Amino acid sequence: MAASLSSTASARLLSSLRSGSLSRGLHVTAARCKNRAARVRVGKGDRPLTYEEALPPHHIAHRKGWLSQHTGNLRGEEGTAERTVEDVFVRRFIFGTFHGCLANELVIKRRGNVLVVCALMLQKLQPQKFYFLIGYSETMLSHLYKCPVKLEVQTLQDKAVYKYL
Amino acid sequence: RFSRVQCVISGLRVRPPHATPAVCERRSRDSISCQPAGGPLLPVPRALGACSANKTCNIIRSRLPLASSTYFHTATVFSSQPSSITVTKEPDALFQRVSLLVKGHDKSVLDSYELFATMAAKELGIAISKVCELPKDTERFTLLKSVHIFKNHRVQYEMRTHYRFIELSHLTGSTAQVYLEYVQRNLPEGVAMEVTKTAMEKVPDHILKPMWEEDPIDNKLSQG
């Protein structure tokens, strides 16, 4: 979904200019002021992150692309909520079907009637099992959503690490 | 009078745009036979040696600069058969203006789609009268950041819609049908949406000449 996040001013700084007073500055902030959505907090430097995970959501139209592409969010178009719910279900379904094999977030595209799910997987299973799971998920999803569902899978040895946080 | 000719152009070499940076591409022959069944962690040179019988696998592998990655070959969904050409005796409809409004979230995708549509129109010999970029629409809303209380802390979201406007002039109905079908089949995924407005040209016979140019004396005599 195309959305960019920008936070309103959440910190108020009071500074007193009197030379005689002891307090120089006063921060008045509530405990929940920082944005935490889709962000990974900085840690000790041992946690590998992909490019998708490393960039926060306000970079979406600038350094990041879109994970799910449909016309529901355009001005004058309908079906936003339905597409979103379908996307969430498809992501959970594929995550559960290929448990532990996903290297990155899914990219879901809708071209006409067809739902195309592009996935990056790790080579944890044998290719025969991969083929079976791909066919199974395609059939199940197309029966559920009454539209052709296509799964395009590319496999990698390891996750592509962009950064360590 | 034009007779309506319906045909679909298949095999035009203009490459349609796609939105994402092509995470997954489909190959005609995948390298599944190269992958050993037991361990997924074999290094690349050994995998190359294992598939010496399959020559195309080696070619695919050598193109990839990164560590080994495989593509799964799945059934093609988008293959369409070309429809037959039919000729009818009805007069063809004439359009003075066919305007396409393309909407999307990503401006670069709309740029490439505009290039694709204008190139297709030029190849078909359609006159393009106008190609312009309308100013973008931004839909913003402010929500509370927290689930409970903290009214002073909000979050703002926005959704931007970019537009492209392409206007074609003086088309026949069959040309418009062919062009629109081709261009709509190759719409990028979800990011661009098309709204077409057509204007018809039609002059009825009884309006062609004004009534006072005909003989008024004859009319009066027949009525009186």
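Since this is a predicted model, take the numbers as computed values, not measurements.

## Let's talk about helix α2 (residues 80-97) of chain A
Helical geometry note: an α-helix holds 3.6 residues per turn, so side chains three or four residues apart project in the same direction.
All names here are of chain A.
Piece 1. Taking 1.5 Å of rise per residue, the 18 residues of α2 would be expected to cover 26 Å, and the 26 Å separating its terminal C-alpha atoms lies within 8% of that figure.
Piece 2. Within α2 the residues assigned to the buried category are Glu 86, Asp 87, Val 90, Arg 91, Phe 93, Ile 94 and Thr 97. Buried residues of α2, viewed axially, fall in a sector of 165°; they line one side. Relative to its buried face, α2 has exposed residues pointing more than 90 degrees away, namely Ala 81, Val 85 and Arg 92.
Piece 3. Check the buried side of α2 and you find it contacts β5 (68-69), β6 (107-111), β7 (114-122), α3 (127-145) and β8 (149-156).

## Notes on the side chain of Arg111(A)
Piece 1. Position of Arg111(A) relative to the elements: it lies in strand β6.
Piece 2. Residue classification places Arg111(A) among the buried positions, given a relative accessible area of 17%.
Piece 3. Polar contacts involving the side chain of Arg111(A) include one to the side chain of Glu189(B), which spans 2.5 Å.

## Things to note about helix α4 (residues 173-185) of chain B
Piece 1. Helix length check: α4(B), at 13 residues, gives a terminal C-alpha distance of 18 Å against a target of 18 Å (1.5 Å per residue), a fit within 8%.
Piece 2. Here α4(B) has its buried residues at Gly173(B), Ser174(B), Ala176(B), Val178(B), Tyr179(B), Leu180(B), Tyr182(B) and Val183(B).

## Section: the packing of aromatic side chains
All names here are of chain A.
Piece 1. Under the criterion given, the structure shown has 9 aromatic pairs over all chains.
Piece 2. Taking 4.8 Å as the distance between ring centres and 80° as the angle between the ring planes, the aromatic pair formed by Tyr 51 and Tyr 162 counts as edge-to-face. Here the residue Tyr 51 occupies a position in helix α1 (residues 51-54), and Tyr 162 occupies one in the loop between β8 and β9 (163-164), the gap between them amounting to 111 residues.
Piece 3. A residue is classified by how much of its surface remains accessible, and Tyr 51, at 37% relative accessible area, is partly exposed.

## Notes on the pattern of salt bridges
Piece 1. Taken as a whole, this structure holds 16 salt bridges over all chains when the rule is applied.
Piece 2. One salt bridge in this structure joins Arg111(A) and Glu189(B), with 2.5 Å as the shortest N-O distance. Of the two residues, Arg111(A) is situated in strand β6 and Glu189(B) in the loop between α4 and β8 (193-200); the pairing between them involves two chains. There is no split in this pair, since Arg111(A) and Glu189(B) are both buried.
Piece 3. A single network of salt bridges, built from pairs that share partners, joins Lys107(B), Asp111(B), Glu114(B), Glu133(B) and Arg164(B).

Conventions we followed
- Residues numbered from 1 in each chain as written.
- Chains lettered and ligands numbered in written order.
- Predicted model: local features only at pLDDT ≥ 70, side-chain atom pairs only at ≥ 80, totals over all residues.
- Heavy atoms only, no water.
- Helix = DSSP H or I, 4+ residues; strand = E, 2+ residues; numbered from the N terminus.
- Expected span 1.5 Å × (residues − 1).
- Buried < 20%, exposed > 50% of the residue type's maximum accessible area, 1.4 Å probe, protein only.
- Arc of directions from axis to C-beta.
- Contact = heavy atoms within 4.5 Å.
- Polar contact = N/O pair within 3.5 Å; in protein donor to acceptor, adjacent residues only side chain to side chain.
- Phe/Tyr/Trp six-rings, centres within 6.5 Å; stacked < 30°, edge-to-face > 60°.
- Salt bridge = Lys/Arg side-chain N within 4 Å of Asp/Glu carboxyl O.

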